[in-house]
Amino acid sequence: MIAVAGSGAFGTALAISLAATGQGVQLWARDPAHADEMRQARENTRRLPGVELPDNLQIITELETIAAEMPVLLAAPMQRLRDMLVLHKLALGGRPLVACCKGVELSTGLGPTGIIEELIPSAKPAILTGPSFATDIAHGLPTALTLACRDRDAGRALQQALTTPNLRIYRTTDTVGAELGGAVKNVIAIASGAVMGAGLGESARAALMTRGFAEMQRMALELGARPDTLAGLSGFGDLALTCTSEQSRNYRYGQSLGRGESFDADITVEGAATSRAVLDQAREMKIDMPITEAVVAMLDGTLQLRQAMEMLLSRPLKEE
Ligand SMILES: NC(=O)c1ccc[n+]([C@@H]2O[C@H](COP(=O)([O-])OP(=O)(O)OC[C@H]3O[C@@H](n4cnc5c(N)ncnc54)[C@H](O)[C@@H]3O)[C@@H](O)[C@H]2O)c1
Ligand SMILES: O=P(O)(O)OC[C@H](O)CO
């Protein structure tokens, strides 16, 4: 048995994939009306339309009903994770908690496992991250993910528990690297989308992705991450996916910026708040992150894309 808290696209997709192992899966929805809709339609028409919910996937609205010690995957958006944990502290305490969100909290600069540690000190927090579009996972298409948990034994148990017919899970104890990779790749995906939206070409995008990867490495290594984590699924792997696919919401948001078009505010774009959180931290740590800085300036409307490119291209020449 396993439970997923958060019935957005990703939580639902993970629940479907976990159900494919044959075990019982509970998917928690915070909105009872949404839960009823899913129970009746056997589909999450709001967030993941077109995929049937299997019979062994049970929709619940009370986290208290989840059996004690059962792992819970937390699939709320990054900037909402704190609210969810505060509201459901008692139900979530004393069990393995696996964050499935990507980003940095704007108000504190913490990543998902840091928030869990702060609010539920008894937890051994983990994070599941890597290249994965919800619709791909829900349709049974294969991918590989990183499960990061500082507690080696807890990580090993979660690796087993989260492996499904279409999800191959690699494990690491490097939560810092796994979190930073997933956070910064969304910022660079916005920049990549903007470059493509403005018609600046694929060479420009490849250069931006590479220099964005350098920014990711610079910050993560300074924070104690391991280089191999950044070169792996949670860093390079997810950067490659998100910066090159129109399935990505961060990339599509960037495209809109590049085209000077508006974007639906109801769509989850984790890189927007995270770019500000990452830049705040970079400034505090005196780390040079010019692409992140340009993304924030474009989001604030203080810089147009072409000015951002000029700014990046006219920086002092240096060794790679
Ligand atoms: N969609 C993907 O392909 C994908 C893939 C990998 C990782 N992720 C990550 O998963 C996280 C969630 O993204 P998503 O795609 O499922 O988003 P989504 O927009 O599809 O759904 C967000 C869900 O969170 C719920 N929610 C909002 N505030 C909440 C709160 N305070 N408490 C509990 N639930 C709350 C909403 O009701 C909604 O069901 C993000 O951090 C994202 O980066 C998404
Ligand atoms: O749609 P995005 O941009 O939130 O990306 C989804 C996943 O993070 C890709 O791994």
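The chain carries the name Glycerol-3-phosphate dehydrogenase [NAD(P)+] in an unreviewed UniProt entry, which gives Thalassovita aquimarina as its organism. UniProt, in its Pathway (unreviewed entry) section for the chain, records the words "Membrane lipid metabolism; glycerophospholipid metabolism." Its UniProt record, at the heading Sequence similarities (unreviewed entry), says of the chain: "Belongs to the NAD-dependent glycerol-3-phosphate dehydrogenase family."

## Some words on the domain arrangement of the chain
By the assigned domains, the chain splits into domain 1 (2–173) and domain 2 (176–313). For domain 1 versus domain 2, the distance between C-alpha centres works out to 25 Å. Contacts between domain 1 and domain 2 engage 30 residues on the former and 25 residues on the latter. Summing the contributions of domain 1 and of domain 2, the shared interface buries around 2000 Å²; its carbon and sulfur component is 59%. By the criterion of area lost to domain 2, the three top residues of domain 1 are K102, V104 and F133, representing 31% of everything that side buries. In this structure, the connection of domain 1 to domain 2 is made through 1 salt bridge.

## A look at the site of ligand 2
Residues in close proximity to ligand 2 include K102, G130, P131, S132, F133, K185, D238, L241, T242, S248, R249 and N250, which together make up its full environment. Contact between ligand 2 and G130: an oxygen atom at 3.3 Å from a main-chain N or O atom of the residue. Contributing elements (two or more residues each) for the shell around ligand 2: helix 11 (233–242) and helix 12 (249–259). Top element by residues in the shell around ligand 2 is helix 11. It accounts for 3 residues.

## Comments concerning helix 1 (residues 9–19)
An α-helical turn contains 3.6 residues, so a residue and the one three or four places further along point in the same direction. Summarising burial for helix 1: 11 of the 11 residues are buried, a large majority. Listing the buried residues of helix 1 in full gives A9, F10, G11, T12, A13, L14, A15, I16, S17, L18 and A19.

## Observations regarding the side chain of R95
Mapped onto the fold, R95 is located in the loop between helix 4 (89–92) and strand 7 (97–99). Although R95 is buried, it forms no salt bridge, and the closest oppositely charged side chain is E69 at an N-O distance of 8.7 Å. Among the polar contacts listed, one links the side chain of R95 to the backbone oxygen of I66, at a separation of 3.3 Å. In this structure the side chain of R95 is engaged in a polar contact, spanning 2.8 Å, whose partner is the backbone oxygen of A67. In contact with R95, not counting residues within four places along its chain, are I66, A67, A68, E69, M70, V72 and A123.

## Focus: the side chain of N44
Checked against the element boundaries, N44 lands in strand 3 (residues 43–44). A distance of 2.8 Å separates a polar side-chain atom of N44 from the backbone oxygen of S7. With residues near it in sequence (within four places) discarded, N44 still touches S7, G8, T12, H34, M38, P49 and L53.

## A word on the sheet that holds strand 5 (residues 57–60)
Read from one edge to the other, the open sheet built from 8 strands follows the order 5-2-1-6-7-8-9-10, with strand pairing classed as mixed. One side of each edge strand has no neighbouring strand; the edge strands of this open sheet are strand 5 and strand 10 (167–172). Sheet twist, expressed as the mean angle between neighbouring strand axes with direction ignored, is 25°. Where strand 1 (residues 2–5) and strand 6 (residues 72–74) come together, 3 bridges link them in parallel fashion. Within strand 6, the residue paired with A3 across the bridge is V72.

## Description of the UniProt feature "domain: Glycerol-3-phosphate dehydrogenase NAD-dependent N-terminal" (unreviewed entry) in the chain
Taking the numbering used here, the UniProt-annotated feature "domain: Glycerol-3-phosphate dehydrogenase NAD-dependent N-terminal" (unreviewed entry) corresponds to residues 2–153. The distance from the first to the last C-alpha atom of residues 2–153 is 18 Å, and the span holds 31% helix and 24% strand.

## What to know about the site of ligand 1
Taken together, 23 residues surround ligand 1, and among them A9, A134, R249, T268 and E270 come closest. Side-chain polar atom of R30 to an oxygen atom of ligand 1: 3.1 Å apart, as the coordinates give it. With respect to ligand 1, the side chain of E270 contributes an N or O atom lying 2.5 Å from an oxygen atom. Against a free-state accessible area of 820 Å², the protein chains account for coverage of 89% of ligand 1. Elements supplying a minimum of two residues to the shell around ligand 1: helix 1 and helix 3 (81–87). A breakdown of the residues in the shell around ligand 1 according to their chemical character gives 12 nonpolar, 4 polar and 7 charged. Both domains that furnish three or more residues to the shell around ligand 1 are identified here as domain 1 (2–173) and domain 2 (176–313).

What counts and how
- Residues numbered from 1 in each chain as written.
- Chains lettered and ligands numbered in written order.
- Predicted model: local features only at pLDDT ≥ 70, side-chain atom pairs only at ≥ 80, totals over all residues.
- Heavy atoms only, no water.
- UniProt positions renumbered as here; feature names shortened; annotations may be inferred.
- Domains from an automatic or database assignment.
- Contact = heavy atoms within 4.5 Å.
- Buried area = accessible area lost by both parts, 1.4 Å probe.
- Salt bridge = Lys/Arg side-chain N within 4 Å of Asp/Glu carboxyl O.
- Near = heavy atom within 4 Å.
- Polar contact = N/O pair within 3.5 Å; in protein donor to acceptor, adjacent residues only side chain to side chain.
- Helix = DSSP H or I, 4+ residues; strand = E, 2+ residues; numbered from the N terminus.
- Buried < 20%, exposed > 50% of the residue type's maximum accessible area, 1.4 Å probe, protein only.
- Lys, Arg positive; Asp, Glu negative; His and termini not counted.
- Pairing = 2+ DSSP bridges.
- Axes fitted to C-alpha atoms, helices over the stretch in contact; angles between N-to-C directions.
- Areas by Shrake-Rupley, 256 points an atom, 1.4 Å probe, with all protein chains shown as cover.
- Nonpolar A, V, L, I, M, F, W, Y, C, P; charged D, E, K, R; others polar.

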